[in-house]
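# Examining the three-dimensional arrangement
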Amino acid sequence: MSGAAEGQGAAEGQYVAFGLGDEVFAAPVGLVREILTYQAPSRIPNGPDYLLGLTDVRGRGVPTADLRIRLGMAPVEPTLNTRILVLDLPLEDRVLSLGLVADRVFEVTAFTADQIESSPDIGVKWRSDYISGVVRRDEGFVVLIDLVRLLSTTQIAALDSVSCDEPCAA
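Note that the structure is predicted; figures quoted are calculated from it, not measured.

For the rest of this paragraph, the subject is the sheet that holds strand β11 (residues 140-145). Consider a sheet: its strands pair through backbone hydrogen bonds, and that pairing is either parallel or antiparallel. On the basis of which strands lie adjacent, the open sheet formed by 6 strands has the order β8-β1-β2-β11-β10-β9 and mixed pairing. In the strand order of this sheet, the two ends are held by β8 (104-111) and β9 (116-117), each with one partner. Where strand β1 (residues 13-20) meets strand β2 (residues 23-28), 6 bridges bridge the pair, whose relative direction is antiparallel. Bridge assignment links Phe18 to a residue of β2, and that residue is Phe25.

Written out as structure tokens, the structure is:
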């Protein structure tokens, strides 16, 4: 791994590339349990604005967040291409299952260490601590997003507290 990428936590390997508006992001494939066709989550009162509710994933209620809202983007209505990425995020003492809504999912792709550049300190829309690296492509950049850093400890605790182990009412 290159020194620049190593310092930011990006690792070469397989990534799931997904889109939010015109932006392309990628998350390590090892975090993605499955990709679901969008279904409206069951609402939860008094949750953070980006928390859409719970999605029933194989009989378990998984908190589902709108990544667009969390990143400060305007929300959009779901389309036929909208997907929910069901992630298993490793935390210090447990694994948090979380659904993230993406406008579309493109592909699973491999990035080598020499393709991954460190995130720039300026010129990006989001704080760079959420970005573990960037990959330059002919069409633009793919932003490698660090989902655990994106969600603060407080936010992760709130999301973890709303999951349910039984089928949740729709």
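Structure shown, so let's carry the discussion forward.
This part is about the nonpolar core. Residues Phe18, Leu71, Leu87 and Leu147 are the most contacted members of the largest nonpolar core, which totals 26 residues. At the level of secondary structure, the elements contributing two or more residues to this core comprise β1, β2, β6 (83-90), β7 (95-102), β10 (131-137), β11 and α3 (147-150). If you look at the next biggest cluster of nonpolar residues, it comprises 8 residues, including Ala10, Tyr15, Val135 and Leu144.

With respect to topology, 5 strands assemble into an open sheet ordered β3-β6-β7-β5-β4, the strand pairing being mixed. The strands lining the two open edges of the sheet, one partner per strand, are β3 (32-37) and β4 (51-57). Strand-to-strand twist across the sheet, computed as the mean angle between neighbouring axes with direction ignored, equals 30 degrees. Bridge count for β6 against β7 is 8 bridges, and the pairing is antiparallel. By the bridge assignment, Pro90 is partnered in β7 with Val95.

Time to look at the side chain of Thr64. Within the fold, Thr64 resides in strand β5 (residues 60-66). Taking relative accessible area as the criterion, Thr64 reaches 0% and is therefore assigned buried. Beyond its immediate chain neighbours, meaning those up to four positions away, Thr64 contacts Pro41, Tyr50, Leu51, Leu52, Gly53, Leu54, Thr55, Ile84, Gly99 and Val101.

Bringing the confidence of the model for the protein into the picture now. Of all residues in the protein, 78% have pLDDT values of 70 or greater, and the mean over the chain is 82. Across residues 1-8, confidence stays below pLDDT 50; counting only partners more than four residues off in sequence or on other chains, it has 16 contacts.

Calculation rules
Residues numbered from 1 in each chain as written. Predicted model: local features only at pLDDT ≥ 70, side-chain atom pairs only at ≥ 80, totals over all residues. Heavy atoms only, no water. Pairing = 2+ DSSP bridges. Helix = DSSP H or I, 4+ residues; strand = E, 2+ residues; numbered from the N terminus. Core = buried A, V, L, I, M, F, W, Y, C linked by side-chain atoms within 4.5 Å. Buried < 20%, exposed > 50% of the residue type's maximum accessible area, 1.4 Å probe, protein only. Axes fitted to C-alpha atoms, helices over the stretch in contact; angles between N-to-C directions. Contact = heavy atoms within 4.5 Å. pLDDT = per-residue confidence, 0-100.

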